[in-house]
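# An overview of the molecular structure
Residue strings, one per chain:
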Amino acid sequence: MIGFLKHILSRFFYRISRSRARNAGDEAREEFWEADFSKPGKSRFDIKSENAYDAYLVKGAGGKAGKAALALGLKKSACLAWVEGSAYRYGDMALKARLRLDCKGGYGAAGIMFRMIDDGTYYMVLLSSRGHFRLDVVRNNTPLALIGWTEWDVSPSAGAVELTIIARAARLILLIDGRWAGEIDDASIDRGCLGFVLASYEAGPAGETRAAEAFLEYLSVDTRAARVEEAAWDLSSGKNPVPRESRLRLAGTFAAMGQSVPALVQLQKLWENSGRGREDLLLAARLAQILERYDEAEEYIGAALALPGGDTVSSGVLAEEKAKILYARGRRAELQDYIAEVLKTHKPSVVLLSLLGHALWECGNYREAGPAYDGAFELDKTNGLLAANAANVYDLLGEREKALDRYLAAGRSYLEADNYEDLGTLIPKLLSLGRDCWEAHALAGKWAFSVEDWEGADREFKLAETLRKKTGSPAKDPALCFLKGLLLIREGKRRKALPLLEEAARLAPDYGLFHFRLAETRYLLDNKPADPQLRSDLEKALSSLDEAGETWGWANNLAAQLSLAEGDTDAAANYLEKAAAALGERPPVLVNRAVYQYLCGSLDKALAILDTDTNTDTGGLMANCAGNLLVRAGQFEQANDWYQRALVIAPDNQEFLINHASCLIEMGRYGEADTLLARAHSHAPSPAVLELITYVAVKKGEYYRAESACNAALELDGAHVPSLRTLGWLFCTARRWDEAGEILTRLEALPLSGEDAEHREELRRRILDGTTRLIPCAACGRTWRVPLDPPPVSFLRLVAMPPDEIPAGTCPSCGTSYCIGCAKEHVDTGGRFTCPACGKPLKLLNEGLKKIVADWAAGTPPETGPS
């Protein structure tokens, strides 16, 4: 709560009125004053509006019949603003205010500021739309919760609520609707001005012009010393008794804040005016234990157990608390006897059985300690410590199988709770007892992955899979498949990771995280936002993840990115709204919002979103996006500046290095680009980096280096299409046609479509053009494709007339060729085909044409046609 308020004040701090000097002339005389909200000049408030806020007077208390009211409206959520009282400074006073709040379906609070010295020093009371109140002091912009959020049975959102503040010296007393709500002593500030404050923490549904509105319908201040003292005395003397539930709520709030002594003080004041109950005695016992006042704690819990049942605290809960006290006091034997008696009349509980296990363990009774811990773990499978305690007992007793079983159970529980610290303490035991247990190695690998021991994780995962297969264990662990995939991605082998991620998603079809990372990987691999598999994976992620959870937010952010890639700004806006609701104003969300503005036609608005300080853009993501957008706009010089800014923040970021290098390539600065790409390659080799290195090497005329880069890329990803295509063209340039043909064969084995398929066909045509030529029939235009340098064909003997499409031969005089279908109209007396133009006999001079005839004779049809 305190951290949240400090965050609000430090990051989203706005106020309506301007700062002004306060002097001794502002001191208030003794008076009783009621605010008049009929006109601004009579209100004693500095009523001004700013861009993000509105402050104004309304007739009839916000539209209702009655007196006028002071209204404050926020145009955005996650901010706090106030209207400052401009007339006097008050010290001791009795203030009454009637407030009403409309949070437009969101979450917010309204209240009163008092003893306000300047923008960073004041007291503030807030009443929330969820039926809670709090009191804070802020000094030099540092907030301190005096009374944290405390539950109350009315909310200013349901109707007007009366707030009374009695400030007499250091004593501050709060009443809500005339009932005592809280009190505290604090002498941080002795006097100051008033303010009407409104805070919005969470926005409501979209479409509202304001995030929240508050109305101050009534305000009076009584500074007459006698009246202030009388009001304070009536409450402290018992003339106006404090409701029991109010004291108990305040004590509970102080306890939750870690203020044990003030909480006990409130309970003691409660007992002065009413009897003791089980609920308050239980709270007192817990507070006394925190303060290590065990005699008091035991007295309180004994008194609670002596009371008849019927209230909200069961005797079982009280018995558990007494057991805790006995254990804390080291009375182990008495604790065992006490728990044995309790279990005769009460059901076993986790607390009782775990404390019994502790007592038995510390008394050396290991045989009974193990079953006690087992029983506790059976009641709470989420508490891995109980299973670990049982494992320690069985290990000490030499029962290795039982010990390993409990260590595995503890490890699963820790893993489920993301408790990697405690999981790490189990790993030596797991590997010692479970040397041949695949699950033990799987848990060790998962722990190693969590602490970024990548080599250890890879080693343990391989051992786990080997042992699983060897022992004939059931289906694979989807988490292992998933983590092994992530390890490959980290090594730059994203395509090799894809089958593992697919398998993880297949084995756990309802686990949204697996589907999300699978969709993300497909997009990063192929950059095809319309890919049906990608869309299906993302839909499964969105439907199976918890709404408003962080991963759900990231899935919506990815969906927005895909929509933006396809130019669907309407869908992107919808996904971005959901992502922002789950994630807040994080850089990846802001990046997509900037891309959205760019696609809507405003580069300036996009850059305004991204132009922030390094405290917000901690990873450089926003500066990198600005560079990307400027590159798309053709503004390379400005883009270069933004990429440099991104690399100052994250000098080793692979993506930033690649993007900056790409920008420099566009500018023709190949040497600088080469340097950046070398850095990127040294940090994390990847096919994308090596493809760019290939391009730069070609531009610099370093063809051997370009070929080496392509081969290195294909070692990382044998199906990396850009590298295959580039290597094929390099072979064509060097007239290494056989090797180019091998590359074409590898491309033909891949399921290519779109531009990739077109580029493959371009390579095919280039290889054909480089290794063959077309010979046409001069009469009909039929063509035959023959090698440029065909090998000689042995002697031909034909025993039948070939079909019309077979070449008849070439004229040795004019060089034209004819098919049999056209040449058979021109045959000399010797039965030989002749040239229709010059009458010379046709001959099969070209070895390629001769090969076609030979193939026909052998039963192989000729290769004809336009290609």
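Analysis parameters
- Residues numbered from 1 in each chain as written.
- Predicted model: local features only at pLDDT ≥ 70, side-chain atom pairs only at ≥ 80, totals over all residues.
- Heavy atoms only, no water.
- Helix = DSSP H or I, 4+ residues; strand = E, 2+ residues; numbered from the N terminus.
- Buried < 20%, exposed > 50% of the residue type's maximum accessible area, 1.4 Å probe, protein only.
- Contact = heavy atoms within 4.5 Å.
- Areas by Shrake-Rupley, 256 points an atom, 1.4 Å probe, with all protein chains shown as cover.
- Phe/Tyr/Trp six-rings, centres within 6.5 Å; stacked < 30°, edge-to-face > 60°.
- Lys NZ or Arg CZ within 6 Å of the ring centre and 35° of its normal.
- Expected span 1.5 Å × (residues − 1).
- Axes fitted to C-alpha atoms, helices over the stretch in contact; angles between N-to-C directions.
- Parallel < 35°, antiparallel > 145°, perpendicular 65-115°, else oblique.
- Left-handed = near helix turned anticlockwise from the far one by under 90°.
- Nonpolar A, V, L, I, M, F, W, Y, C, P; charged D, E, K, R; others polar.
- Pairing = 2+ DSSP bridges.
- 1 Å grid on protein atoms, 1.4 Å probe; cavity = no way out; pocket = protein on both sides within 12 Å on 5 of 7 lines; lining within 4 Å.
- Points joined across faces, edges and corners; volume = space filled by probe spheres on them.
- Salt bridge = Lys/Arg side-chain N within 4 Å of Asp/Glu carboxyl O.
- pLDDT = per-residue confidence, 0-100.
- Core = buried A, V, L, I, M, F, W, Y, C linked by side-chain atoms within 4.5 Å.
- Polar contact = N/O pair within 3.5 Å; in protein donor to acceptor, adjacent residues only side chain to side chain.

### Remarks on the overall build of the protein chain
Helix and strand counts for the protein chain stand at 35 helices and 18 strands. Structurally, the protein chain occupies a C-alpha span of about 145 × 80 × 45 Å along its principal axes. Here the protein chain holds 867 residues, and the buried ones make up 48% of them. Considering only residue pairs separated by 6 or more positions, the protein chain has 59% of its internal contacts joining residues 24 or more positions apart. Accessible surface for the protein chain amounts to roughly 40700 Å². Of this, 50% is attributable to carbon and sulfur atoms.

### What about the packing of aromatic side chains?
Per the stated rule, a full pass over the model turns up eleven aromatic pairs. Judged by centre distance (6.3 Å) and plane angle (80 degrees), the rings of Trp-149 and Tyr-201 are edge-to-face. In this pair, Trp-149 is assigned in strand E9 (residues 142-151) and Tyr-201 in strand E13 (residues 193-202), connecting sequence segments 52 residues apart. In this structure Tyr-201 comes out as buried when scored by relative accessible area, which is 11%. Counting every residue linked through ring pairs, the aromatic cluster contains Tyr-107, Trp-149 and Tyr-201. The ring of Trp-271 has Arg-276 lying over it, and the distance from NZ or CZ to the ring centre is 5.3 Å.

### Things to note about helix H4 (residues 244-256)
Between its terminal C-alpha atoms H4 stretches 19 Å, which fits the 18 Å expected from 13 residues at 1.5 Å a residue. Taken residue by residue, H4 has Ser-246, Arg-247, Leu-248, Leu-250, Ala-251, Thr-253 and Phe-254 as its buried positions. Those residues of H4 that are buried lie in contact with E9, strand E12 (179-185), helix H5 (260-273) and helix H6 (278-290). Phi turns positive one or two residues past the end of H4, at Gly-258, with a value near 80 degrees.

### Notes on the packing of helix H25 (residues 621-632) against helix H26 (residues 636-649)
At their nearest, the axes of H25 and H26 sit 8 Å apart, and the two run at 165 degrees to each other. It follows from the interaxial angle that H25 and H26 lie roughly antiparallel. In the packing of H25 onto H26, the handedness of the crossing is left-handed. Contact residues: H25 offers Ala-623, Asn-624, Ala-626, Gly-627, Asn-628, Leu-630 and Val-631, while H26 offers Phe-636, Gln-638, Ala-639, Trp-642, Tyr-643, Arg-645 and Ala-646. By residue class, the composition of the contact of H25 with H26 is nine nonpolar, four polar and one charged.

### Comments concerning the sheet that holds strand E8 (residues 132-139)
With respect to topology, six strands assemble into an open sheet ordered E4-E13-E6-E7-E8-E9, the strand pairing being antiparallel. In this open sheet, the two strands that pair with only one neighbour each are strand E4 (79-84) and E9. Averaged over neighbouring strand pairs, the angle between their axes works out to 20 degrees when direction is ignored. The sheet contact formed by strand E7 (residues 121-128) and E8 spans six bridges and is antiparallel. Bridged to Leu-127 within E8 is Phe-133.

### Let's talk about the environment of Arg-705
Relative to the helices and strands, Arg-705 is located in helix H30 (residues 703-716). Considering only alpha carbons, one finds Arg-705 and Thr-694, eleven residues apart in sequence, at a separation of 7.3 Å.

### Topic: empty space enclosed by the protein
Enumeration over the complete set of coordinates arrives at three cavities of 30 Å³ or more. Of the volumes computed, that of the second largest cavity is approximately 50 Å³. Every residue lining the second largest cavity is listed: Leu-127, Ser-128, Gly-131, His-132, Trp-152, Val-154, Ser-155, Pro-156, Val-161 and Ile-176. Each residue belonging to the lining of the second largest cavity can be placed in one class, and the counts come to six nonpolar, four polar and no charged.

### Quick word on the environment of Gln-644
Examined against the element boundaries, Gln-644 turns out to sit in helix H26. In the structure, Gln-644 is positioned 21 residues away from Ala-623 in sequence and 8.6 Å away in space, judged by C-alpha atoms.

### Topic: unusual backbone geometry
Despite not being glycine, Arg-115 has its phi angle at roughly 50 degrees, a positive value. On the basis of relative accessibility, which here comes to 1%, the residue Arg-115 falls in the buried class. Positive phi is not limited to glycine here, since Arg-735 has a value of about 60 degrees. Position of Arg-735 relative to the elements: it lies in the loop between helix H31 (721-733) and helix H32 (737-748).

### Describing the pattern of salt bridges
Once the charged atoms of two side chains with opposite charge are near each other, the side chains can pair. Taken as a whole and assessed by the stated rule, the structure comprises 69 salt bridges. Asp-222 is the partner of Arg-224 in a salt bridge, and the nearest nitrogen-oxygen pair spans 2.9 Å. Note that Arg-522 and Glu-502 form a salt bridge whose closest N and O atoms lie 3.0 Å from each other. Remark: Glu-502 occurs in helix H18 (residues 494-507) and Arg-522 occurs in helix H19 (residues 512-526); sequence separation between them is 20 residues. If you follow the salt bridges from partner to partner, you end up with Asp-54, Lys-75, Asp-102, Lys-104, Arg-210 and Glu-213 in one network.

### Regarding H30
The α-helix winds at 3.6 residues per turn, so residues separated by three or four positions along the chain end up facing the same way. With 14 residues, H30 should cover 20 Å at 1.5 Å per step; its first-to-last C-alpha distance of 20 Å lies within 8% of that length. Here H30 has its buried residues at Ala-706, Glu-707, Ala-709, Cys-710, Ala-713, Leu-714 and Leu-716.

### Here's the deal with the confidence of the model for the protein chain
When the pLDDT values of the protein chain are averaged, the result is 89; 93% of them are 70 or greater. Mean pLDDT values over the elements of the protein chain span from 38, in helix H1 (residues 2-11), up to 97, in E7. Note on residues 1-25: pLDDT is under 50 here. Beyond four places in sequence and across chains, it has 67 contacts.

### Some words on the pairing of E4
Burial analysis of E4 places six of its six residues in the buried class, which makes it a mostly covered element. Of the two faces of E4, the one carrying Cys-79, Ala-81 and Val-83 and the one carrying Leu-80, Trp-82 and Glu-84 are both buried. Note that E4 and E13 share six bridges and pair antiparallel. Bridging across to E13, Leu-80 finds its partner in Ala-199.

### With respect to the nonpolar core
Core analysis: the biggest nonpolar cluster contains 82 residues, and Leu-95, Phe-114, Leu-135, Leu-216, Leu-219 and Leu-267 have the highest contact counts within it. Apart from the residues within four sequence positions on either side, Leu-267 is in contact with Leu-248, Ala-251, Asp-280, Leu-283, Ala-284 and Leu-287. Residues Leu-603, Ala-626, Leu-664 and Ile-693 belong to the second largest nonpolar core, which totals 42 residues.

### Here's the deal with the side chain of Glu-213
Summarising the element assignment, Glu-213 is placed in strand E14 (residues 212-222). Residue Glu-213 is classed as buried on the basis of its relative accessible area, which comes to 10%. A polar contact of 2.9 Å, which involves the side chain of Glu-213, links it to the side chain of Lys-104. Here Glu-213 is in contact with Tyr-56, Leu-72, Gly-73, Arg-100, Leu-101, Asp-102, Lys-104 and Leu-198, once residues within four sequence places are set aside.

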